[in-house]
Every structure is written in structure tokens, then in C-alpha cells.
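# Topology and contacts: notes
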Amino acid sequence: MRKPVMAGNWKMNCDNDEAKALADGVTARGGQVEDALVILCPPATALTSVFSSIANSNVKLGGQNMYWEEDGAFTGELSAMMLLSCGCEHVIVGHSERRGRFGTMDEADADDLAAVFGDTDATVNRKAKAALAAGLKPIICCGELLGERKGGKTDEVVASQVRAALAGISADETANIIVAYEPVWAIGTGEVCDADEADRVCGMVRATVAEVYSQDVADAMRILYGGSMKPDNVEGLMAKPNIDGGLVGGAALKADSFGALIDAAAASAG
Ligand code: PEP
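Because the structure is a prediction, the values reported are computed rather than measured. (Residues numbered from 1 in each chain as written. Predicted model: local features only at pLDDT ≥ 70, side-chain atom pairs only at ≥ 80, totals over all residues. Heavy atoms only, no water.)

## Considering the site of the ligand
By nearness alone, 14 residues border the ligand, and Lys11, Glu182, Gly188, Ser228 and Gly249 come closest of all. Glu182 has a polar side-chain atom sitting 2.6 Å from an oxygen atom of the ligand. Contact between the ligand and Gly249: an oxygen atom at 2.8 Å from a main-chain N or O atom of the residue. Here the ligand has 290 Å² of accessible area as a free molecule, and 96% of this is covered by the chains. Its residues assigned to classes, the shell around the ligand comprises 4 nonpolar, 8 polar and 2 charged. (Near = heavy atom within 4 Å. Polar contact = N/O pair within 3.5 Å; in protein donor to acceptor, adjacent residues only side chain to side chain. Areas by Shrake-Rupley, 256 points an atom, 1.4 Å probe, with all protein chains shown as cover. Nonpolar A, V, L, I, M, F, W, Y, C, P; charged D, E, K, R; others polar.)

Listed below in C-alpha cells is the structure:
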């Protein structure tokens, strides 16, 4: 039985006061839910204030990104240990925006922004391994661009991202990994992936995990869907056998809408 997950990725939104107010709202609305794992991933500047808001709740804290080194001359970066010291248990790794792949892009546009934000399959793997080694639980993101989908490459792209991210990670460590399938064209665009298709790709991710490790590991792994998940589409997605929850951007920025997603995730546990 896989406990459903609802994770909110606040991206580059919320100053400290706004973050505290949003975390207070989420905690009041769904903070004591036991049937779902609720994770808030505010910007790094707000981790400490959000941690104080969720202290007496079941809500967990996550970072949005990290660097794999422990410390040193890496201006602007955050280590796993720093995230842990702010109260994080989780960290998003390889979000499409960190890979420089944005919702409206076709394949050709991706290179410039990949250079700015920098994540590649290889760095996603290094980050996932460093997170696990430090005791942080990575939420590893994968997903295809619209051009890749139109070109019939969805399964190839997603499976290869998953294989690359898991390289060198032991079967024992996979208990602390969550995978998020996020079709890039659905992120922040309002265009949700059809639930059957999202389930199919999440099932393909699970089959890939089974090939890398075993069916037992695949059966135990939480695989989330992300991409314009909202209160009006969450039930259909959560009803699917291979979708164990959501990684949510826009709808996580309001306590009411995120609360409705938490309710749906918890209800799907039954
Ligand atoms: C995300 O940022 O991972 C995401 C899925 O965003 P949104 O829900 O806004 O599409």
C-alpha cells in the first residue's frame, strides 16, 4: 500500500510573510491529515519560517533544489545539510525548470535556458545521490517537452531520465525516493494531461523502475503526476492505479485549493 503524497512547489513565489501565511493556511486546512504525506517546498529564503508554521502538524518541508557538494566556494548554492538544518526532509531534484525546460518550449529552445539553470541527467543523478547520502528524500522529476511528445518520444525521454537519475542508487535507498512524472507542456499552462495518459506514463515509469531494480521496488515506489493539477481534475488523476499523488505548482499557492488536493489525496488512500 503506497501512502498518497501531495507536494506543493511554490517556485519563486512568496516573501517570508506570505510564505508564513500560506503555510499557516495549509496547516489549518490539512495539516493533521494522516492518510496522505503533505510536503511544502517554499523558496529557500522562507524554509525556516514555514518550518515554524508546520511544527505541530503532519506537514513536511522540502527544498526546491540543492547542490551535491557538502560545502565550499559555490556561490548561491545550497547543500543537503543546509536544507536539513532548516527542517527539510525532502528535496525536489531535476524539476523541468531547473533543467531549463519550460512549458511552452519545443526542443530547439531548450539549450539556452539549460545553460542558465544547469540541470542535466548527470547532475540530477549526482544531486539525488548526495541527497540520499545526507538523509534527504529526493523527489526526482522527469517529463517530456511538447515537441518530444509530438515526435512520439515521450516514453523514450522519460524512461531515459528515470534510468539516468537512478544510476548507482541501491535498491535499499529507493525507499526514500519519490518520482514525479511532469509532462513539461502541462506545467503552469493550465493544460492537464489526460488522466489515462498520465497513468499510462506513470505505469511506464514504474515498469522502468522494475527493470532497473525489481517488481517489489517498483510496487513500493511513489510516483506522482505534476502539471496543472487542480481541485477540478485531481479526483480523476488520483483514481488511477499508477498515480500516487501530485507535485503541484499554481494550485499550491492558495491554502483552499491545495487543501482540496490534500483532501483528494487522503480520500484516495481508502
Ligand atoms: C510544478 O511546478 O511542478 C507544477 C506541476 O506546476 P503547475 O501545477 O503550476 O503546473
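## Looking at the sheet that holds strand S7 (residues 222–226)
Pairing is parallel around the closed barrel formed by 8 strands, whose spatial order is S1-S2-S3-S4-S5-S6-S7-S8. Each adjacent strand pair in this sheet contributes to an overall mean axis angle of 25°, direction not counted. Pairing of strand S3 (residues 60–63) with strand S4 (residues 88–93) involves 3 bridges; the strand directions are parallel. Looking at S4, one finds that Gly63 is bridged to Val91. Helix H2 (residues 47–54) contacts strand S2 (37–41), S3 and S4 of the sheet and is inclined by roughly 165° relative to S3. (Pairing = 2+ DSSP bridges. Helix = DSSP H or I, 4+ residues; strand = E, 2+ residues; numbered from the N terminus. Axes fitted to C-alpha atoms, helices over the stretch in contact; angles between N-to-C directions. Contact = heavy atoms within 4.5 Å.)

## Regarding the packing of aromatic side chains
Taken as a whole and assessed by the stated rule, the structure comprises 3 aromatic pairs. Consider the rings of Tyr67 and Phe74, whose centres lie 4.9 Å apart with planes at 55°: the pair is tilted. Among the residues examined, Tyr67 registers a relative accessible area of 18% and is labelled buried. Here Phe74 falls in the partly exposed class, since its relative accessible area comes to 33%. Chaining the aromatic ring pairs together yields one cluster made of Tyr67, Trp68 and Phe74. (Phe/Tyr/Trp six-rings, centres within 6.5 Å; stacked < 30°, edge-to-face > 60°. Buried < 20%, exposed > 50% of the residue type's maximum accessible area, 1.4 Å probe, protein only.)

## Notes on helix H11 (residues 255–268)
The end-to-end C-alpha separation of H11 is 20 Å, in line with the 20 Å expected for 14 residues at 1.5 Å each. Of the residues making up H11, those classed as buried are Ala255, Ser257, Phe258, Gly259, Leu261, Ile262, Ala264, Ala265 and Ala266. Each element contacted by the buried residues of H11 is listed here: strand S1 (5–9), helix H1 (16–30), S2, helix H10 (234–238) and strand S8 (245–248). (Expected span 1.5 Å × (residues − 1).)

## Details of the state of the cysteines
Enumeration according to the criterion identifies 0 disulfides in this entry. For the unlinked cysteine Cys41, the closest cysteine sulfur is that of Cys88, found at 7.6 Å. Judged by its relative accessible area of 0%, Cys41 is buried. Cys193 carries a free sulfur, and the closest cysteine sulfur to it, the one in Cys202, is 8.4 Å from it. (Disulfide = S-S within 2.5 Å.)

## A word on the environment of Ala134
Relative to the helices and strands, Ala134 is located in helix H5 (residues 121–134). Residues Ala134 and Trp68 lie 66 residues apart in sequence; the distance between their C-alpha atoms is 9.7 Å. The contacts of Ala134, once residues within four sequence positions are left out, are Ala80 and Leu84.

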